[in-house]
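The chain contents come next:
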Amino acid sequence: MTDTGAGRTVRVFHRSWEMECCGAPFSVGDEVAWPLVFESVAEADAAVWADCLDERGLLRTVTLHGGAADKRSGASRIAGRVRSLQVVVVGYQGAEPVPGERWLRSVERCPKWFADPVEGDGGGAGTGTGTDLGAGKGGAGRERRGYRRVECGVLVELDVAGAERGA
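As the structure is a computational prediction, the values presented were derived from the model and not from experiment. (Residues numbered from 1 in each chain as written. Predicted model: local features only at pLDDT ≥ 70, side-chain atom pairs only at ≥ 80, totals over all residues. Heavy atoms only, no water.)

Turning to the overall build of the protein, a few remarks are in order. From N to C terminus, the protein includes one helix and seven strands. Along the chain direction, N to C, the helices and strands of the protein fall in the order β-α-β-β-β-β-β-β. A fraction of 77% describes how many contacts in the protein between residues 6 or more apart in sequence connect residues 24 or more apart. Summed over all atoms, the accessible surface of the protein reaches about 8300 Å², with 50% contributed by carbon and sulfur. (Helix = DSSP H or I, 4+ residues; strand = E, 2+ residues; numbered from the N terminus. Contact = heavy atoms within 4.5 Å. Areas by Shrake-Rupley, 256 points an atom, 1.4 Å probe, with all protein chains shown as cover.)

Written out as structure tokens, the structure is:
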């Protein structure tokens, strides 16, 4: 058990497919409780996800699908009040994510459905190598066959109400 302490803020990644399949949209200010798994991040993306990793360098990820959290190694639970939400947009070349390309767009409510590909500029602050979400058509060298930007989930900042169990 990892004691999270009173008033601790924790970032959790909630994948788009988990929300679309088994999730219920939530808003800033809502109380939530989720099963988690801790996943490793590719070395090429460690700097991009650094603000989301736990003390072991693992990404806290919500897992809802079919009760998998109770069966997967590293399963845990977390509960807290949603402090902020950001849709995570990732650049893809074909089926593979482009290392270092992640953008964040603040929202007040988690969408039930996510865009693939992202239309228009998508808004938001950039991290990694690409900072102009609108560069997909002729800008910044992003017009490549098979390149697209995908909303892959939400980054949730929680004021933790309890403790992460099983971490």
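Along the chain, His14 turns up in strand E1 (residues 9–15). Looking at His14, the relative accessible area reads 1%, which means it is buried. (Buried < 20%, exposed > 50% of the residue type's maximum accessible area, 1.4 Å probe, protein only.)

Let us look at the nonpolar core. The tendency in soluble globular proteins is for nonpolar side chains to be buried as a group. By size, the foremost hydrophobic cluster in this structure holds 25 residues, and its most contacted members are Val12, Phe26, Trp34, Val156 and Leu158. Where this core is concerned, the elements lending two or more residues are E1, strand E2 (31–39), strand E4 (76–93), strand E5 (96–107) and strand E7 (147–160). In this view, Phe26 contacts His14, Met19, Val32, Trp34, Val82, Leu85, Arg109, Cys110, Val154 and Val156; residues no more than four positions away in its chain are not counted. (Core = buried A, V, L, I, M, F, W, Y, C linked by side-chain atoms within 4.5 Å.)

The final tally for this structure, using the stated rule, is eight salt bridges. One salt bridge in this structure joins Arg81 and Glu31, with 2.7 Å as the shortest N-O distance. With Arg81 in strand E4 and Glu31 in strand E2, the pair connects residues that are 50 residues apart, well separated along the chain. Across the pair Glu151 and Arg105 runs a salt bridge whose closest N-O atoms are separated by 3.0 Å. Placement of Glu151 in strand E7 and of Arg105 in strand E5 is noted, with a sequence separation of 46 residues between them. (Salt bridge = Lys/Arg side-chain N within 4 Å of Asp/Glu carboxyl O.)

Tallied over the entire structure, the rule returns two aromatic pairs. Over the aromatic face of Trp49 sits the side chain of Arg102, whose NZ or CZ is 4.7 Å from the ring centroid. Note that Arg149 overlies the ring of Trp103, its terminal NZ or CZ placed 4.4 Å from the centroid. (Phe/Tyr/Trp six-rings, centres within 6.5 Å; stacked < 30°, edge-to-face > 60°. Lys NZ or Arg CZ within 6 Å of the ring centre and 35° of its normal.)

A few words on the side chain of Arg149. Note on placement: Arg149 falls in strand E7. Salt bridges are absent for the buried Arg149, whose nearest opposite-charge side chain, Glu101, sits at 4.8 Å. A polar side-chain atom of Arg149 sits 3.3 Å from a polar atom in the side chain of Tyr147. (Lys, Arg positive; Asp, Glu negative; His and termini not counted. Polar contact = N/O pair within 3.5 Å; in protein donor to acceptor, adjacent residues only side chain to side chain.)

With that settled, consider unusual backbone geometry. A cis amide bond, omega 0°, links Asp116 with the succeeding residue Pro117. Positionally, Pro117 belongs in the loop between E5 and strand E6 (125–128).

As for its position among the elements, Gly29 is in the loop between helix H1 (16–22) and E2. Sequence separation between Gly29 and Arg81 is 52 residues; the distance between their C-alpha atoms is 5.8 Å. Look past the residues within four positions of Gly29 in its chain and what remains in contact with it is Arg81 and Val82.

Another point: the pairing of E5. Where E4 meets E5, eight bridges bridge the pair, whose relative direction is antiparallel. Bridging across to E5, Val90 finds its partner in Arg102. Counting the residues in the hairpin turn of E4 and E5 gives two residues, including Gly94, whose phi is positive at 65°. (Pairing = 2+ DSSP bridges.)

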